[in-house]
Amino acid sequence: MGERVPLSATSWTETCVDIDWVCELLEIKPASLHQLVLRGVFPPSTAPRGRPGSWPLLAVMRFVTEHRRHLLPRLPRLFPRIEPLVPALFLETLVLQASTNPEISDEYLLYLWQ
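The rules behind each value
- Residues numbered from 1 in each chain as written.
- Predicted model: local features only at pLDDT ≥ 70, side-chain atom pairs only at ≥ 80, totals over all residues.
- Heavy atoms only, no water.
- Patch = residues over 30% accessible without salt bridge, like charges linked within 9 Å, V, L, I, M, F, W, Y side chains within 5 Å.
- Areas by Shrake-Rupley, 256 points an atom, 1.4 Å probe, with all protein chains shown as cover.
- Salt bridge = Lys/Arg side-chain N within 4 Å of Asp/Glu carboxyl O.
- Helix = DSSP H or I, 4+ residues; strand = E, 2+ residues; numbered from the N terminus.
- Axes fitted to C-alpha atoms, helices over the stretch in contact; angles between N-to-C directions.
- Parallel < 35°, antiparallel > 145°, perpendicular 65-115°, else oblique.
- Left-handed = near helix turned anticlockwise from the far one by under 90°.
- Contact = heavy atoms within 4.5 Å.
- Nonpolar A, V, L, I, M, F, W, Y, C, P; charged D, E, K, R; others polar.

K.L.:
What is the right way to read a nonpolar patch on the surface from this model?
P.N.:
There is a patch of nonpolar side chains on the surface, built from Phe90, Val95, Leu109, Tyr111 and Trp113 and spanning about 570 Å² of accessible area. Contributions of two or more residues to the nonpolar patch are made by strand E3 (90-101) and strand E4 (104-113). No other element matches the three residues that E4 contributes to the nonpolar patch. Take Tyr111: it is sitting in strand E4.

K.L.:
Would you mind going over the packing of helix H1 (residues 19-26) against helix H3 (residues 57-67) with me for this structure?
P.N.:
What describes two packed helices is the angle between their axes and the distance between those same axes. H3 packs onto H1 with a crossing angle of 15° between their chain directions and a minimal axis gap of 12 Å. Taken together, the axis directions place H1 and H3 in an arrangement best described as roughly parallel. When the axes of H1 and H3 are compared, the crossing they make is right-handed. Contacts between H1 and H3 involve Trp21, Val22, Leu25 and Leu26 on the former and, on the latter, Leu57, Val60, Met61, Phe63 and Val64. Taken together, the residues that form the contact of H1 with H3 break down as nine nonpolar, no polar and no charged.

What follows is the structure, given as structure tokens:
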């Protein structure tokens, strides 16, 4: 327990988003995003010069967690919000039974993680 999970093992570093997606998430206009980049608050685009802006999803998510905490509810629930990243700890498996018909019993497995 406690070992670090490299971010390269996640898709957050591989997925890129465009300027429209970033501006919609941050509720700002493209000109405001450019100002944030120029001031060094937001990371520069990874797109080649002269092309529309593109950012790794991880950079955008980290910006929200560090600078726009009021927007945290907009981030995917599975985005890790802790540092350092550690693997989830498996707690147990439960067998649940549910039935909509008294003659048929459906079983479901529930995995609990921390």
